[in-house]
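Per-entry structural report
This is what each chain is made of:
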Amino acid sequence: MTSDYEQRLWKRMDRLCPDASKRLSEIEAFPEEAAEAVLREILETGCLSQNAANIEAARRAVQELPESWLAAHLPKVLPGCLFREREWQEWEFRRAAEMLEGLFPDAYRWLTEWAAGLDNPEVTEVLEEIKTVQEKTPCSRRN
């Protein structure tokens, strides 16, 4: 059973590209502009929202995306929709990292490297937390 929040996310994605919500694993076949708009919708829903149901809906959606496609398109899409307001960068980075960690190693690596360049002490602190946790946990979630 899906939540109202997940159904709303699906409707927004389907307005961007017909049946996108049912075909996320085939996003490589979408017109590029539509595919990137769908990714932007997922990122904004999962990283800008403070509602746990929205965050979880976006996390479920991103899991359907092909890893190589996401790694290639994240650098094009993310800077245009997240991290625009300095006071929210830490929150948005945490949500994006949680969305990608363990599932999308290349996209996650890009995100952490890109976020290091934000020159935001709060983001730097989160990066240090992540590094500490990774040093204590040698295996990724995917293994």
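Placed above this text is the structure.
Here we summarise the structure given alongside this text. (Residues numbered from 1 in each chain as written. Predicted model: local features only at pLDDT ≥ 70, side-chain atom pairs only at ≥ 80, totals over all residues. Heavy atoms only, no water.)

1. Observations concerning the packing of helix 4 (residues 67-81) against helix 6 (residues 105-116)
Helix 6 packs onto helix 4 with a crossing angle of 25° between their chain directions and a minimal axis gap of 8 Å. With respect to their mutual orientation, helix 4 and helix 6 come out roughly parallel. Residues Glu67, Leu70, Ala71, Leu74, Pro75, Leu78 and Pro79 of helix 4 touch helix 6, and the partners they reach there are Pro105, Asp106, Ala107, Trp110, Leu111 and Trp114. Of the residues assigned to the contact of helix 4 with helix 6, the class counts are 11 nonpolar, no polar and two charged. (Axes fitted to C-alpha atoms, helices over the stretch in contact; angles between N-to-C directions. Helix = DSSP H or I, 4+ residues; strand = E, 2+ residues; numbered from the N terminus. Parallel < 35°, antiparallel > 145°, perpendicular 65-115°, else oblique. Contact = heavy atoms within 4.5 Å. Nonpolar A, V, L, I, M, F, W, Y, C, P; charged D, E, K, R; others polar.)

2. Regarding the packing of helix 3 (residues 52-62) against helix 5 (residues 89-100)
Across the interface, helix 3 lies against helix 5 with an axial gap of 10 Å and an inter-helix angle of 40°. Taken together, the axes of helix 3 and helix 5 lie oblique to each other. Of the two possible hands of crossing, helix 3 and helix 5 adopt the one that is right-handed. Residues Ile55, Ala58, Arg59 and Val62 of helix 3 touch helix 5, and the partners they reach there are Trp91, Arg95, Glu98 and Met99. Of the residues contributing to the contact of helix 3 with helix 5, the split by class is five nonpolar, no polar and three charged. (Left-handed = near helix turned anticlockwise from the far one by under 90°.)

3. Observations regarding the packing of aromatic side chains
Using the criterion set out here, one finds two aromatic pairs in the structure. Relative to tryptophan 114, the ring of phenylalanine 83 has its centre 5.1 Å away and its plane inclined at 55°; by these criteria the two rings are tilted. With phenylalanine 83 in the loop between helix 4 and helix 5 and tryptophan 114 in helix 6, this residue pair connects regions lying 31 residues apart in the sequence. Relative to tryptophan 114, the ring of tryptophan 110 has its centre 5.7 Å away and its plane inclined at 20°; by these criteria the two rings are stacked. In this pair, tryptophan 110 and tryptophan 114 are both assigned in helix 6, four residues apart and thus about one turn of the helix distant. Taken together, the ring pairs in this structure connect Phe83, Trp110 and Trp114 into an aromatic cluster. (Phe/Tyr/Trp six-rings, centres within 6.5 Å; stacked < 30°, edge-to-face > 60°.)

Keep in mind these numbers describe shape, not what the thing actually does.
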